[in-house]
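# Per-entry structural report
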Amino acid sequence: MRLFINTYTSMLKLLTIILALNNAVFACEALNIIDHHHRRSIKVMDRVDINNDRLITEIEFFSLSKSGGNNPKMIKRFNRINLDNDQFLTYRELDAWFNR
Ligand SMILES: [Ca+2]
Ligand SMILES: [Ca+2]
């Protein structure tokens, strides 16, 4: 019984350490993302990315426009920023836009 409790306690300690390390890795990744992007990219992503997936869809982008997606200027701008022609704007594409 004592051996079982010791093993159980050791496993709990190990699990706690693993979880702490995991959290530290996530924190570092989050800081890394913020540290290495253009200030304006971070601002735009914070403002426009409604579902917080760090991708800006056309719908999210067009929500910036008063006329929604019917504004040809907004469509043109989205397409110019969207370098790989997929349906999302990424941090990398925003950085390229703001660093041009
Ligand atoms: Ca999004
Ligand atoms: Ca893209």
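Before any of the text, the structure's been laid out above.
Residues numbered from 1 in each chain as written. Chains lettered and ligands numbered in written order. Predicted model: local features only at pLDDT ≥ 70, side-chain atom pairs only at ≥ 80, totals over all residues.

### Here we look at the overall build of the chain
Summing up its helical and strand segments, the chain has five helices and two strands in all. Ordered by position from N to C terminus, the α and β elements of the chain give α-α-β-α-α-β-α. Counting only residues that meet the buried cut, the chain has 8% of its 100 residues in that class. Long-range pairs, those at least 24 residues apart, make up 45% of the contacts in the chain between residues at least 6 apart in sequence. (Helix = DSSP H or I, 4+ residues; strand = E, 2+ residues; numbered from the N terminus. Buried ≥ 20, exposed ≤ 12 C-beta atoms within 10 Å, placed from the backbone. Contact = placed C-beta atoms within 7 Å.)

### Structural notes on the nonpolar core
It is characteristic of soluble globular proteins that their nonpolar side chains tend to be buried jointly. The biggest cluster of nonpolar side chains holds seven residues, and these are Val44, Met45, Ile56, Phe61, Leu89, Tyr91 and Leu94. For this core, the secondary structure elements donating two or more residues are helix H2 (39–48) and helix H5 (91–98). (Core = buried A, V, L, I, M, F, W, Y, C linked by C-beta atoms within 7 Å.)

### Things to note about H2
Considered for burial, the residues of H2 that qualify are Ser41, Val44 and Met45. Seen from one end, H2 has its buried residues packed into an arc of 100 degrees, which puts them on one side. The outward face of H2, more than 90 degrees from its buried face, is lined by the exposed residues Arg39, Asp46 and Arg47. Contacts from the buried residues of H2 go to strand E1 (56–57) and H5. (Arc of directions from axis to C-beta.)

### Side note on unusual backbone geometry
Even without a glycine there, the phi angle at Arg54 is positive, about 60 degrees. Note on Arg54: 12 C-beta atoms within 10 Å, which makes it exposed. With phi around 55 degrees, Asn85 is a residue other than glycine that occupies positive phi space. Relative to the assigned elements, Asn85 resides in the loop between helix H4 (72–81) and strand E2 (88–89). The exposure class of Asn85 is exposed, given the 6 C-beta atoms found within 10 Å.

### Section: the environment of Asp86
In this fold, Asp86 is placed in the loop between H4 and E2. Residue classification places Asp86 among the exposed positions, given that 10 C-beta atoms sit within 10 Å. For the pair Asp86 and Thr57, spaced 29 residues apart in the sequence, the C-alpha separation amounts to 9.5 Å.

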